[in-house]
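# Overview (structure and organization)
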Amino acid sequence: PISAWEKLSSSLRSLSFIECPAKQMKVPSELLDAIKALHIRASLGRSVENPMAQGLSGVWLNKFHSLNSLSVQDVDVNASSLSFIISDMVELRDIAFSNTNLSGPLPAKWPSLLNLETLQISGNELHGEIHASISHLLHLTSLVLSSSNLSGTIPANLGNLSSLQTLILSSNHLTGTVPPSFRNLSSLRYLDLSENHLHGSIPPFLAHLPSLRYVDLSRNRFSGAIPFNESFLTSLNTFKVRGNTQLCFNTSSTSS
């Protein structure tokens, strides 16, 4: 009941719905102002556990304008775009939408989210490209845009994100080559560009990224000799290049 929500307004800061098939309820404006973290998993809309429900409304999510952290997982979201949902959330630090069937394009501009630290969008039905303006999010440490139907090339200036530790762009329709600016990602530990349509040679400068421990370039169209020696390969925890039929190893620098 609304009276119960009102009593929480002075103290509640984090709100989670986990496998909760309730309908989206009216939340008092005082509580909307107070909540800093909202986490929803398989709740408040159509999900595997609740297949007959309507989708989770983007209008309802948009009302939580004071959030630092927003995470939505395993529930269909009805919204024209991510931009509409987060348009008034100027304090966001962390965004995650996973398996939500979110549609529309990625934001073309991020003027109010310059302090964003994690952006994770996976398992959705977006369309369009990754805009170059994403490189303005200089505080990003994790950028995950996987399995979301994205196309176009990887922005040439993505290497401006010098704080980036995790970069996952897998299972999209991305074309082109790995941007030379990636040589500036000195904090990068985890790189996954698998299952796209990337081509050209694998850039040798990846071997000079001091923090890199995971590399997955599988199922693309890379060609030529893999430019890494055995010393670099053994410094990695994981290295995947399967499904690139035009790749080969230089046996003079890498043993069998």
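Okay, so let's go over this structure. (Residues numbered from 1 in each chain as written. Predicted model: local features only at pLDDT ≥ 70, side-chain atom pairs only at ≥ 80, totals over all residues. Heavy atoms only, no water.)

### Some thoughts on the overall build of the protein
Assigned secondary structure in the protein consists of five helices and 19 strands. Based on the C-alpha atoms only, the size of the protein along its principal axes is roughly 75 × 35 × 30 Å. Expressed as a percentage of the 256 residues in the protein, the buried residues total 48%. Across the protein, every contact between residues at least 6 apart in sequence was considered, and the portion connecting residues at least 24 apart equals 51%. Surface exposure of the protein reaches about 11,800 Å², of which carbon and sulfur atoms provide 51%. (Helix = DSSP H or I, 4+ residues; strand = E, 2+ residues; numbered from the N terminus. Buried < 20%, exposed > 50% of the residue type's maximum accessible area, 1.4 Å probe, protein only. Contact = heavy atoms within 4.5 Å. Areas by Shrake-Rupley, 256 points an atom, 1.4 Å probe, with all protein chains shown as cover.)

### Comments concerning the pattern of salt bridges
Across all of its chains, the model carries four salt bridges by this definition. The residue arginine 41 makes a salt bridge to glutamate 19 at a minimum N-O spacing of 3.2 Å. Taken as a pair, arginine 41 in strand β2 (residues 37-41) and glutamate 19 in the loop between β1 (14-18) and α2 (29-34) lie far apart in primary sequence, 22 residues in all. Residue arginine 41 is classed as partly exposed on the basis of its relative accessible area of 29%. Using a relative accessible area of 45% as the deciding quantity, one classes glutamate 19 as partly exposed. Close ionic contact of arginine 219 with glutamate 195 constitutes a salt bridge, the shortest N to O distance being 3.6 Å. In this pair, arginine 219 sits in the loop between β16 (214-216) and β17 (221-226) while glutamate 195 sits in the loop between β14 (190-192) and β15 (197-200), placing the two residues 24 residues apart along the sequence. Taking relative accessible area as the criterion, glutamate 195 reaches 36% and is therefore assigned partly exposed. (Salt bridge = Lys/Arg side-chain N within 4 Å of Asp/Glu carboxyl O.)

### Focus: the sheet that holds β16
Pairing is parallel in the open sheet, where ten strands are placed in the order β1-β2-β4-β6-β8-β10-β12-β14-β16-β18. Where the open sheet ends on each side, the last strands, each with one partner, are β1 and β18 (238-240). Going across the sheet, the axis of each strand differs from the next one's by a mean of 5 degrees, ignoring polarity. Pairing analysis gives five bridges linking β2 to strand β4 (residues 69-73), with the strands arranged parallel. In the sheet register, arginine 41 faces β4, and the bridge partner there is glutamine 73. (Pairing = 2+ DSSP bridges. Axes fitted to C-alpha atoms, helices over the stretch in contact; angles between N-to-C directions.)

### Remarks on the sheet that holds strand β13 (residues 173-176)
Taking strand neighbours across the sheet as the criterion, the five strands line up as β11-β13-β15-β17-β19 in an open arrangement whose pairing is parallel. At either margin of the open sheet sits one strand with a lone partner, and together these are β11 (151-153) and β19 (246-249). Ignoring strand direction, the axes of neighbouring strands in this sheet form an average angle of 25 degrees. In this structure, β17 lies alongside β19, joined through four bridges in parallel fashion. Paired with glycine 224 across the strands is leucine 247, a residue of β19.

### Structural notes on the packing of aromatic side chains
Inspection of the entire model under this criterion finds five aromatic pairs. Ring centres 6.4 Å apart and planes at 65 degrees place the aromatic pair phenylalanine 17 and tryptophan 60 in the edge-to-face group. Taken together, the positions of phenylalanine 17 in strand β1 and tryptophan 60 in helix α3 (residues 58-62) put the pair 43 residues apart, joining distant regions of the chain. Taken together, a centroid distance of 4.7 Å and an interplanar angle of 55 degrees make the contact between phenylalanine 228 and phenylalanine 232 tilted. What makes phenylalanine 232 buried here is its relative accessible area of 7%. Three or more aromatic residues joined by ring pairs make a cluster, and in this case those are Phe17, Trp60 and Phe64. (Phe/Tyr/Trp six-rings, centres within 6.5 Å; stacked < 30°, edge-to-face > 60°.)

### Here's the deal with the environment of glutamate 125
With respect to the secondary-structure elements, glutamate 125 resides in strand β9 (residues 125-126). The class for glutamate 125 is partly exposed, based on a relative accessible area of 46%. Excluding residues that lie within four positions of it along the chain, glutamate 125 makes contacts with Asn101, Leu102, Ser103, Gly104 and Ser148.

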